[in-house]
Amino acid sequence: MERKNLRVNGKRLRAALEEMAKIGATSGGGVQRLALSDEDKQARDLFIKWLNEIGLEVMIDEMGNIFGKRAGNGKDLPPVMSGSHIDSQPKGGRFDGILGVMGALEVVRTLNDHGIETERPITIVNWTNEEGTRFSPAMAGSGVWAAKLDRDWVYGRADIHGKTFGQELERIGYKGKLRARQWPVHAYYEYHIEQGPVLEKEGKLIGAPKGIVCLHWYDIYVEGTANQVGPTPMEGRNDALCAAAEMILKVNELPAKVGGNMVATVGEIHNFPNSRNIIPDRVHFTVDIRSWDDELATRAWEDLKLDFGTIAERRKCPLRIEETWRVGHTPFEERLVKRVLEIAGQLGYSSHYMVSGAGHDASYMSQVAPTAMVFVPSIDGRSHVEVENTKWEDCDAGANVLLHCILQSASEP
Ligand code: GLV
Ligand code: MN
Ligand code: MN
């Protein structure tokens, strides 16, 4: 068969995704595979079984990142790498992350079916803790691998039950011996669902993001004075939850206030002691700010901090702020982005040049290797929810684009 006519096996890709979706399946049709949970381990085990079945060299590093390498003819050449993540959000979807891992697996299976050898090795990757929902920050495995996050700091990050990343990594048996340190990569492609409404709205099949917005994460701790709700007059209360509520609205109003293209969200809140008849004395909430314009995001945060301070003072609720994580906006390698668009065209798919509002391991990868992503539409633009969905034929189309991107890069001397 002529190489240009090569296509992935859509049925097999679907079967792999459906098999993975059984692990951590939720009643609402989604999956819950929190990083380093038993479900994450189960999905990793299955992934490794599949890597072994096709004869790949399997490597696990000290962050639990899993690599499956298919040899190339030019043995010492830096590989083409492709993958994403197996972990999910709580009550997350069946496509976020796993599509990119199964997509890369399907590409290698297809090459094997047709006995196609490449000049460069091809390495499939599963990055640990992309989501950052159980252990913040997100993209931890790729961040350490790319030397942008400190390994021991990540090991020490705790979930809401006080279990640390390091403990849980050991518990599930995925603390590998290999150092989590970047090696030369010729090209990195990450295949992912769009997670937003743009492709559907534009009526386009393949998205080629020019890069990823910046991600700024903060943790806010507000303190109040607990007391019996009945006898305590309204006047003079130091209600930590009321102070947090005012602050949360400021976050929501921030993009409109500063202008420009930005989103700001509070997605997580912990209220203590969380009893209907105790005035709350402690609240922890998170702030997520994203923009293509790093400076705008930083200026907005400085503005927000002033508002937080004013509210804290007026309500006499002391405030502690942790500036947890910042990743600058990351432009991808133009040459590879163009390749995604060109290949989509050659395969007869419509395409769209866009920006990724979601974070991906490609963000850290693009800081150490030429990187691009392939997006396919999310039905109704829904993601990080159980109803997250993408048409099977769209999954095939994206995998075909990935196949030819990888083939081209892996054929380069
Ligand atoms: C990663 O899932 C993100 O928060 O965009
Ligand atoms: Mn993802
Ligand atoms: Mn996600």
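Nothing here was measured: the structure is a model prediction, and the numbers come from that model.

### Notes on the overall build of the protein chain
Stage number 1. Within the protein chain one finds twelve helices and 14 strands.
Stage number 2. For the protein chain, whose C-alpha radius of gyration is 23 Å, the value lies close to the compact-globule estimate of 22 Å for 413 residues.
Stage number 3. The principal-axis extents of the C-alpha atoms in the protein chain amount to approximately 80 × 45 × 40 Å.
Stage number 4. Expressed as a percentage of its 413 residues, the buried residues of the protein chain come to 56%.
Stage number 5. Considering only contacts in the protein chain between residues 6 or more positions apart, those separated by 24 or more positions represent 80%.
Stage number 6. The distance from the centre of the 49 positive side-chain charges to the centre of the 58 negative ones in the protein chain is 2 Å.

### Some thoughts on the coordination of the manganese ion (ligand 2)
Stage number 1. Ligation of the manganese ion (ligand 2) by protein atoms is provided by His-85 (NE2), Asp-96 (OD) and His-192 (NE2), these donors lying 2.0 to 2.2 Å from the ion.
Stage number 2. The manganese ion (ligand 3) is placed at 3.6 Å from the manganese ion (ligand 2), the two being bridged by Asp-96. Taken together, the residues span a long stretch of sequence, with Asp-96 in the loop between strand E3 (80-84) and helix H3 (98-113) and His-192 in strand E5 (residues 187-193) at a distance of 96 residues.
Stage number 3. Judged by relative accessible area, which is 4%, Asp-96 ranks as buried.
Stage number 4. By relative accessible area, His-192 is classed as buried at 1%.

### What to know about the coordination of the manganese ion (ligand 3)
Six octahedrally arranged donors around a metal ideally form angles of 90 or 180 degrees; four tetrahedrally arranged donors ideally form angles of 109.5 degrees.
Stage number 1. Protein-derived ligands of the manganese ion (ligand 3) are Asp-96 (OD), Glu-131 (OE), Glu-131 (OE) and His-384 (NE2), with the metal-ligand distances lying across 2.1 to 2.4 Å.
Stage number 2. Each donor residue of the manganese ion (ligand 3) lies on one chain, and together they are spaced D-x34-E-x252-H.
Stage number 3. Exposure remark for His-384: the relative accessible area of 36% places this residue in the partly exposed category.

### Concerning the site of ligand 1
Stage number 1. As a matter of local geometry, ligand 1 sits amid Glu-130, Glu-131, Arg-290, Ala-358, Gly-359 and His-384.
Stage number 2. At a separation of 3.0 Å, an oxygen atom of ligand 1 approaches a polar side-chain atom of Glu-131.
Stage number 3. His-384 places a side-chain nitrogen or oxygen 3.1 Å from an oxygen atom of ligand 1.
Stage number 4. Bound to the protein, ligand 1 loses 92% of the 200 Å² it would expose on its own.
Stage number 5. For the shell around ligand 1, the per-class residue count stands at one nonpolar, two polar and three charged.

### Let's talk about the layout of surface pockets
Stage number 1. What the second largest pocket holds in volume is close to 190 Å³.
Stage number 2. Lining the second largest pocket are Arg-3, Lys-4, Asn-5, Arg-7, Ile-343, Gln-346, Leu-347, His-404, Leu-407, Gln-408 and Ser-411.
Stage number 3. Among the secondary structure elements, those contributing two or more residues to the lining of the second largest pocket are helix H10 (334-346) and helix H12 (392-411).
Stage number 4. In terms of residues, the lining of the second largest pocket owes the most to one element, H12, which gives four residues.

### Some thoughts on the pairing of strand E14 (residues 371-376)
Stage number 1. Buried residues dominate E14, accounting for six of its six residues.
Stage number 2. With burial as the criterion, each face of E14 is covered, one bearing Thr-371, Met-373 and Phe-375 and the other bearing Ala-372, Val-374 and Val-376.

### Re the pattern of salt bridges
Note that side chains of opposite charge can pair when their charged atoms are close.
Stage number 1. Evaluation of the coordinates by the stated rule reveals 26 salt bridges.
Stage number 2. The closest approach of N and O atoms between Glu-2 and Lys-4, which form a salt bridge, is 3.8 Å.
Stage number 3. Taking relative accessible area as the criterion, Lys-4 reaches 56% and is therefore assigned exposed.
Stage number 4. Two residues, Glu-18 and Arg-14, come together in a salt bridge whose shortest N-O distance is 3.1 Å. Here Glu-18 pairs with Arg-14, and both are found in helix H1 (residues 10-21), just four residues apart, close to one helical turn.
Stage number 5. Its relative accessible area of 35% is what places Glu-18 among the partly exposed residues.
Stage number 6. If you follow the salt bridges from partner to partner, you end up with Asp-38, Arg-134, Asp-159, Glu-168 and Arg-171 in one network.

### Considerations on the packing of H1 against helix H2 (residues 38-53)
Stage number 1. Running from N to C, H1 and H2 point in directions that differ by 150 degrees, and their axes come no closer than 10 Å. One element, H1, and the other, H2, form an angle in the roughly antiparallel class. The interaxial crossing formed by H1 with H2 has right-handed handedness. In contact with Ala-16, Glu-19 and Met-20 of H1, H2 contributes Ala-43, Leu-46, Phe-47 and Trp-50.
Stage number 2. Broken down by class, the residue content of the contact of H1 with H2 amounts to six nonpolar, no polar and one charged.

Reading guide: rules and limits
Residue numbers restart at each chain and count upward from 1, following the sequence in its written direction. The order in which chains are written sets their letters, starting at A; the order in which ligands are written sets their numbers, starting at 1. The model is predicted, so local features are restricted to residues of pLDDT at least 70 and side-chain atom pairs to those at 80 or more, both for listing and for counting; the totals for chains, interfaces and linings are taken over all residues. With hydrogens and water stripped out, all remaining heavy atoms of the structure feed into the side-chain values. What counts as a helix is a DSSP run of H or I of at least four residues, what counts as a strand is a run of E of at least two, and both are numbered from the N terminus. This radius of gyration counts C-alpha atoms alone. The globule rule is 2.2 Å times how many residues there are, raised to the power 0.38. Exposure is judged per residue with a 1.4 Å probe applied to protein chains only, and the accessible area is read against the type maximum: over 50% gives exposed, under 20% gives buried, and values in between give partly exposed. Should any heavy atoms of two residues lie within 4.5 Å, those residues are considered in contact. We treat Lys and Arg as the positive residues and Asp and Glu as the negative residues; His and chain ends play no part in the count. Throughout, a charge is located at the NZ atom of Lys, the CZ atom of Arg, the CG atom of Asp or the CD atom of Glu. Coordinating N, O and S atoms are those within 2.8 Å of the metal (3.2 Å for Na, K and Ca), and as water is not part of the atoms, a site may appear to have fewer donors than expected. Nearness here has a simple test: a residue counts as near a molecule or strand if at least one of its heavy atoms is within 4 Å of that partner. Whenever a nitrogen or oxygen atom comes within 3.5 Å of another N or O atom, the pair is scored as a polar contact, on the condition that within protein one atom can donate a hydrogen and the other can accept it, and that pairs from neighbouring residues in sequence are kept only if both atoms are in side chains. Shrake-Rupley sampling with a 1.4 Å probe provides the accessible areas, and residues are treated as covered by the protein chains on show and by no other component. Polar here means any residue outside two lists: the nonpolar Ala, Val, Leu, Ile, Met, Phe, Trp, Tyr, Cys and Pro, and the charged Asp, Glu, Lys and Arg; Gly therefore counts as polar. A 1.4 Å probe that fits into a set of points on a 1 Å grid over the protein atoms alone but cannot get out defines a cavity; an open set with protein on both sides within 12 Å along at least five of seven lines defines a pocket, and lining residues are those with an atom within 4 Å of a point. Grid points are joined across faces, edges and corners, and a volume is the space filled by probe spheres set on the points. What makes a salt bridge here is a side-chain nitrogen of Lys or Arg within 4 Å of a carboxyl oxygen of Asp or Glu, nothing more. Here an angle of 0 to 180 degrees is reported between the N-to-C directions of two axes, which are lines fitted to C-alpha atoms, with helices fitted over the stretch in contact. By the definition adopted for this analysis, an angle is roughly parallel if under 35 degrees, roughly antiparallel if over 145, roughly perpendicular if from 65 to 115, and oblique otherwise. Each crossing gets its handedness from the near helix: less than a right angle anticlockwise from the far helix is left-handed, clockwise is right-handed.

Interpretation note: all reported values are geometric properties and have no functional meaning in isolation.
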